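Each chain is listed here by its residues.
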Amino acid sequence: MSGREMAFIQQAFRENYITTCGSNLQNFEKSLAAITGTQKAVALNSGTAAIHLALKVLEIQAGDEVICASFTFVATANPILYLQAMPVFVDSEPETWNMCPDALESAIQDRIKKGKKPKAIIIVHLYGMSAKINQLLAIAQQYQIPVIEDAAEALGSTYENQALGTFGEVGIFSFNGNKIITTSGGGALVTNNPTYAKKALFLATQAKDLAPHYQHSEVGYNYRMSNIAASIGLGQLELLPERVQKRRAIFQFYQESLRNYDFIHFQPEPTACFSNRWLSCFVLTQDQALKAEKIRNALAADNIESRPLWKPLHRQPLFNAYPYYGHEVAENFFDTGLCLPSGSDLTDDDLERIVQVIHKELI
Ligand SMILES: *Cc1c(COP(=O)(O)O)cnc(C)c1O
C-alpha cells in the first residue's frame, strides 16, 4: 500500500458502506472500465470467481468442452471443473510463451472430428505478456467459438495499444495480493456486452429474481467484491502506471545484467506487445537446463525467493487425464525456466545483490 488506499477506506467508513455496495465499489468499476477501455466492469471477490462467471455467462454446461492454455496457474482451469465441463489443453509457442495458434487450430479440428465442438477458449496472458491475440481471435472467429481472456496477471499490459482483457467476449483480472495491484483479494470481469455484465452481477449476488421477497430460479453465488476491498482498489489503481514502470525497470535491469550469458533467454516482448512485466522470467537453453535449479538453490541459500515457471496443467495430477494438443513447448519452459524476484518494492541494492548471487553461481 502506498497510495490513497486509507483515504478511500475512511470515506467508506464515513459513508457506512462496508459490504457489497457503495460509491467506492461503483467508482472502482467505472475506473477499471475507463482504464481498460471497456464498457462494463463487474468487481468480484477473486479472479477465479470471474473466470467461473465468464464461463457461466457463455452458458458452459456439464459435459461441454472448453479449450484452455496449459501453461498457466491452476485457477485458469479449475472453474471448468466446477461446471463439470471438460478442459482441453493447448500448448504454448516460444515467441510470447502463450497459446500456440497452430496447436489451437489442431485442437479445434480434432475435437470437432471426435464429435464435439469446443464451447469456449480461455487464453492467458502469462506474466503480463500478450498472447498472439490477432491470430488466436481469427481462429476463434473462423470456428465461431467465444474467447475468454485470463488477464489476471496482465492489468496495465496492451497489444497494439489496446488493453489486454478487452479483445475477447469476456476478460478477467485478479487483484490477489501477488498481482501488480491488489484489493487484498479480488477480481473483475470486463466486457463490452452489457447483457453479460448484467448476468455476471446477477449470478455474483445469489441470483435474486425481481420480487419483494427472496425469489430464486437458478443457482447463484456469493462472489461480489466489498466496498472496502474496492476502496483499496481505488487507491491502487492510481498507482498502476508507476507499478508498471517499476516492474519494467526491474526486468530491464535483470536483462542487462545477465546479457552475457547466451544460454539465458528472457520472456520476449514481440512488436505491438507491451507487457507490465508482472514477473521477470527466463528460460535456459536445453543443454544448460540444470542451471535453473542451481540458481534457485543459490538464491534460496541467500534468503532470496525465486520460483520455477508454472507447471503445465496437462502434467498436473488433477488434469493429466484430459486431452492435450501441442509439442511440449510449455514442458520445456517448465524444465528450464525461473521467475526472479519481481516485487514493486525491490530496491537497487536488492537487485544488485540478486544478480551478484547469480553471477557467483554461473562463474
Ligand atoms: C492469480 C491468477 C488467477 C486467479 O486469480 P485469484 O484472484 O487469485 O482468484 C487466475 N489466472 C491466473 C493466470 C492467475 O495468475
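Given the structure is predicted, the values throughout are model-derived calculations rather than measurements.

Considering the site of the ligand
Then step 1. Around the ligand sit 15 residues in total, of which Thr48, Asp150, Glu153, Ser174 and Lys179 are the nearest.
Then step 2. Residue Glu153 places a side-chain N or O atom 2.5 Å away from an oxygen atom belonging to the ligand.
Then step 3. At 2.7 Å, a side-chain N or O of Ser174 approaches an oxygen atom of the ligand.
Then step 4. In isolation the ligand offers 380 Å² of accessible surface; the protein chains occlude 94% of this area.
Then step 5. Per element, the largest residue contribution to the shell around the ligand is three residues, and it comes from helix α3 (residues 47–57).
Then step 6. Here the residues of the shell around the ligand sort into four nonpolar, eight polar and three charged.

Some words on the domain arrangement of the protein chain
Then step 1. One can read the domain layout of the protein chain as domain 1 (5–237) and domain 2 (240–362).
Then step 2. Counting residues at the interface gives 47 residues for domain 1, matched by 42 residues for domain 2.
Then step 3. Regarding the contact of domain 1 and domain 2, the summed buried area is about 3,800 Å², with carbon and sulfur atoms giving 66% of it.
Then step 4. Summed over the three residues of domain 1 that lose the most area to domain 2, namely Trp97, Tyr127 and Ile180, the buried surface amounts to 23% of that side.
Then step 5. Counting the contacts that link domain 1 with domain 2 gives zero salt bridges.
Then step 6. Summed over the shared surface of domain 1 and domain 2, the number is 27 residue pairs in polar contact (both at pLDDT 80 or more).
Then step 7. Taken together, the elements giving at least two residues each to the side of domain 1 that touches domain 2 come down to α4 (78–82), β3 (86–90), α5 (101–113), β6 (158–159) and α8 (227–237).
Then step 8. Counted by class, the side of domain 1 that touches domain 2 contains 25 nonpolar, 13 polar and nine charged residues.

With respect to the packing of aromatic side chains
Then step 1. Here the structure, examined in full by the defined rule, presents 16 aromatic pairs.
Then step 2. Their ring planes at 35° and their centres at 5.0 Å tell us that Phe73 and Trp310 sit as a pair that is tilted. Separated by 237 residues along the polypeptide, Phe73 in the loop between β2 (65–69) and α4 and Trp310 in the loop between α10 (290–301) and β13 (324–325) bring together distant segments of the chain.
Then step 3. Relative accessible area serves as the criterion here: at 22%, Trp310 is assigned to the partly exposed category.
Then step 4. Ring geometry for Tyr221 against Tyr223: centres 5.1 Å apart, planes inclined by 15°, an arrangement best described as stacked.
Then step 5. Using a relative accessible area of 15% as the deciding quantity, one classes Tyr223 as buried.
Then step 6. Within the aromatic cluster, the residues linked to one another by ring pairs are Phe71, Phe73, Trp97, Tyr127, Trp278, Trp310 and Phe333.
Then step 7. In this structure, Arg277 packs its charged tip against the face of Phe251, placed 3.4 Å from the ring centre.
Then step 8. Cation over ring: Lys291 sits above Phe263, and NZ or CZ is 4.8 Å from the ring centre.

Cut-off values and rules
- Residues numbered from 1 in each chain as written.
- Predicted model: local features only at pLDDT ≥ 70, side-chain atom pairs only at ≥ 80, totals over all residues.
- Heavy atoms only, no water.
- Near = heavy atom within 4 Å.
- Polar contact = N/O pair within 3.5 Å; in protein donor to acceptor, adjacent residues only side chain to side chain.
- Areas by Shrake-Rupley, 256 points an atom, 1.4 Å probe, with all protein chains shown as cover.
- Helix = DSSP H or I, 4+ residues; strand = E, 2+ residues; numbered from the N terminus.
- Nonpolar A, V, L, I, M, F, W, Y, C, P; charged D, E, K, R; others polar.
- Domains from an automatic or database assignment.
- Contact = heavy atoms within 4.5 Å.
- Buried area = accessible area lost by both parts, 1.4 Å probe.
- Salt bridge = Lys/Arg side-chain N within 4 Å of Asp/Glu carboxyl O.
- Phe/Tyr/Trp six-rings, centres within 6.5 Å; stacked < 30°, edge-to-face > 60°.
- Buried < 20%, exposed > 50% of the residue type's maximum accessible area, 1.4 Å probe, protein only.
- Lys NZ or Arg CZ within 6 Å of the ring centre and 35° of its normal.

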